[in-house]
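Secondary and tertiary structure notes
What follows is the residue order along each chain.
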Amino acid sequence: MGRHRQHKPRRSRGGSEQPVTGESATEWFGTAFHSTTGMQHLDVRQSGNGILITSAPAEVDGMLAGWPLRIRNDDDGQGLTELGTALASGQPHGIVVENGPGYERVLMFIPNHPEQAVGTLARIRAENGPDGAIVFERRAERPMALWAEAGQNLRRIVPLLGPDAPPADEPEESTPCPGCYRPVYESSPSGTLIGAGPLPVIGLCRPCVNGTTLRSLRQADVPLDAQQRAVLESVAAVLV
Ligand SMILES: [Zn+2]
């Protein structure tokens, strides 16, 4: 079965019922707070004439990293709308993204693992034949409620993808917010904080700048590394 491992039962708690979300016309983002893995971000935005779904962190070739997934709109929004509907309604869904010699690469949404209100978006490489190996190359696990909201916003953004939009074959670059590691794209507003500490903190996302991240973390009691904590406490010092 390749590198596919069984999921261990685990449970979100604390603030996971009230994810931090934000949106504008062509973007949406949300965060779930997980009791052991910390903040789990999901970002959906227009990328040229397509959609970019970024999961941060995700499991990328066995490592934790951001996973920017761009899906081109080659069929007047039909495929993207179907994906959005599957996410929004919690239905399994698969899209063949590559047909190679002896294998295919599939994007799959796998809802509702047993006993957990979480679902997985995965890029899977499946060898042809009954004994073909199946490898999860990329995988992001999120609460079903967050996938549902992402799907609703995906469907909302798809009609805004005009045929005049540039193809954007390369996804837009993002940098992780120093406070929460959310992917911050150039097209997103971000903030610079000056005067809180020895160095200016640049590239903060909106929920970190306005104190939402720190408030949510205090309610949720989730793990946070020392560097993030230092940044968020600097923000809090300025906000007071
Ligand atoms: Zn942030």
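None of these values were measured; they are calculated from a predicted model. Every chain begins its residue count from 1, and numbering advances along the sequence as written. Per-residue local features of the predicted model are confined to residues with pLDDT of at least 70, and side-chain atom pairs are confined, for both listing and counting, to 80 or more; whole-chain, interface and lining totals are unaffected and use all residues. With hydrogens and water excluded, all non-hydrogen atoms of the structure serve as input to the side-chain values.

A look at the overall build of the protein
Where we set the bar: Numbered from the N terminus, helices here are DSSP runs of H or I no shorter than four residues, and strands are runs of E no shorter than two. Accessibility here uses a 1.4 Å probe with only protein chains present; expressed as a share of the type maximum, an area under 20% marks a residue as buried, one over 50% as exposed, and anything in between as partly exposed. Between two residues, a contact is recorded if the distance between any of their heavy atoms is within 4.5 Å.
For the protein, the count of helices and strands is five helices and 13 strands. Taken over 240 residues, the protein has a buried fraction of 47%. Pairs at least 24 apart in sequence give 54% of the contacts found in the protein among residues at least 6 apart.

Here we look at the coordination of the zinc ion
Stated formally: Here the term donor refers to an N, O or S atom within 2.8 Å of the metal (or 3.2 Å for Na, K and Ca), and because water is left out of the atoms, sites may appear incomplete. Sites are called tetrahedral only when four donors show all angles between 85 and 135 degrees, square planar or octahedral only when four or six donors show opposite pairs over 155 degrees and all other angles between 65 and 115, and irregular in any remaining case.
Donor atoms from the polypeptide that bind the zinc ion are Cys 177 (SG), Cys 180 (SG), Cys 205 (SG) and Cys 208 (SG), placed at 2.3 Å. In this structure, the zinc ion is surrounded by four donor atoms whose angles at the metal cover 104 to 114 degrees, and the resulting shape is tetrahedral. The sequence motif formed by the donor residues of the zinc ion is C-x2-C-x24-C-x2-C. Of the two residues, Cys 205 and Cys 208, neither departs from the other in class, the shared state being buried.

Digging into the pairing of strand S2 (residues 27–34)
Formally: Two strands are counted as paired when DSSP detects at least two bridges linking them.
The buried fraction of S2 is high, at eight of eight residues. Bridging between S2 and strand S3 (residues 38–46) involves eight bridges; their strand directions are antiparallel. Its bridge partner lying in S3, Trp 28 is registered against Val 44. Count of turn residues in the S2/S3 antiparallel hairpin: three residues.

Brief notes about the nonpolar core
Nonpolar side chains tend toward joint burial in soluble globular proteins. As a reminder, the rule being used: By convention a nonpolar core is built from buried Ala, Val, Leu, Ile, Met, Phe, Trp, Tyr and Cys residues, the set being connected through side-chain atoms within 4.5 Å.
Judged by nonpolar contacts, the single largest core of 26 residues is most densely connected at Val 44, Ile 51, Trp 67, Trp 147 and Leu 154. At the level of elements, S2, S3, strand S4 (50–60), strand S5 (63–72), helix H1 (78–89), strand S7 (103–110) and helix H2 (144–157) are the ones that each hand at least two residues to this core. With six residues, H2 is the largest single contributor of residues to this core. Val 201, Leu 204, Leu 214 and Ala 220 belong to the second-largest nonpolar core, a separate cluster that totals 18 residues.

What to know about the side chain of His 34
To be explicit about the condition: Pairs of N or O atoms within 3.5 Å make up the polar contacts considered here, provided that, within protein, one atom can donate a hydrogen while the other can accept it, and that residues adjacent in sequence are counted only when both atoms are side-chain atoms.
Counting through the fold element by element, His 34 comes out in strand S2. Within the structure, the side chain of His 34 is placed 3.1 Å from the backbone nitrogen of Thr 37, a separation counted as a polar contact.

A look at the confidence of the model for the protein
The condition is simple: Scored from 0 to 100, pLDDT reflects the predictor's confidence in each residue.
Residues with a pLDDT of 70 or more make up 84% of the protein, whose mean pLDDT is 84. Model confidence for the protein, summarised as mean pLDDT per element, is weakest for strand S1 (residues 20–24) at 65 and strongest for H1 at 97. When the criterion is pLDDT under 50, residues 1–18 qualifies, and its contacts beyond four places in sequence or with other chains add up to 36 contacts.

A short note on unusual backbone geometry
Along the chain, Ala 56 connects to Pro 57 via a cis peptide bond; the corresponding omega equals 0 degrees. With phi around 65 degrees, Tyr 181 is a residue other than glycine that occupies positive phi space. With respect to the element layout, Tyr 181 can be found in the loop between strand S10 (174–176) and strand S11 (183–185).

Considering helix H5 (residues 226–239)
Operational definition: Here the expected span of a helix is defined as 1.5 Å times the quantity of residues minus one.
Compared with the 20 Å implied by 1.5 Å per residue over 14 residues, the 20 Å span of H5 between its first and last C-alpha is a close match. Turning to H5, its buried residues number three or more, namely Gln 228, Val 231, Leu 232, Ser 234, Val 235 and Ala 236.

Considering the pattern of salt bridges
Stated formally: Salt bridge criterion: a side-chain nitrogen from Lys or Arg within 4 Å of a carboxyl oxygen from Asp or Glu.
If you walk through the whole model with that rule in mind, you get ten salt bridges. Of the charged contacts, one joins Arg 139 and Glu 59 as a salt bridge, the two residues approaching to 3.5 Å between their closest N and O atoms. One end of the pair, Arg 139, is in strand S9 (residues 134–143); the other, Glu 59, is in strand S4, and 80 residues separate them in sequence. Among the residues examined, Arg 139 registers a relative accessible area of 6% and is labelled buried. Taking relative accessible area as the criterion, Glu 59 reaches 21% and is therefore assigned partly exposed. The partner of Arg 105 in a salt bridge is Glu 137, and the shortest N-O contact between them spans 2.7 Å. Of this pair, Arg 105 sits in strand S7 while Glu 137 sits in strand S9, and the two are 32 residues apart along the sequence. Overall, Arg 105 belongs to the buried group, its relative accessible area being 16%. Classification of Glu 137 by relative accessible area gives buried; the value is 8%. Each of Glu 27, Asp 43, Arg 45 and Arg 206 takes part in one network of salt bridges that share partners.

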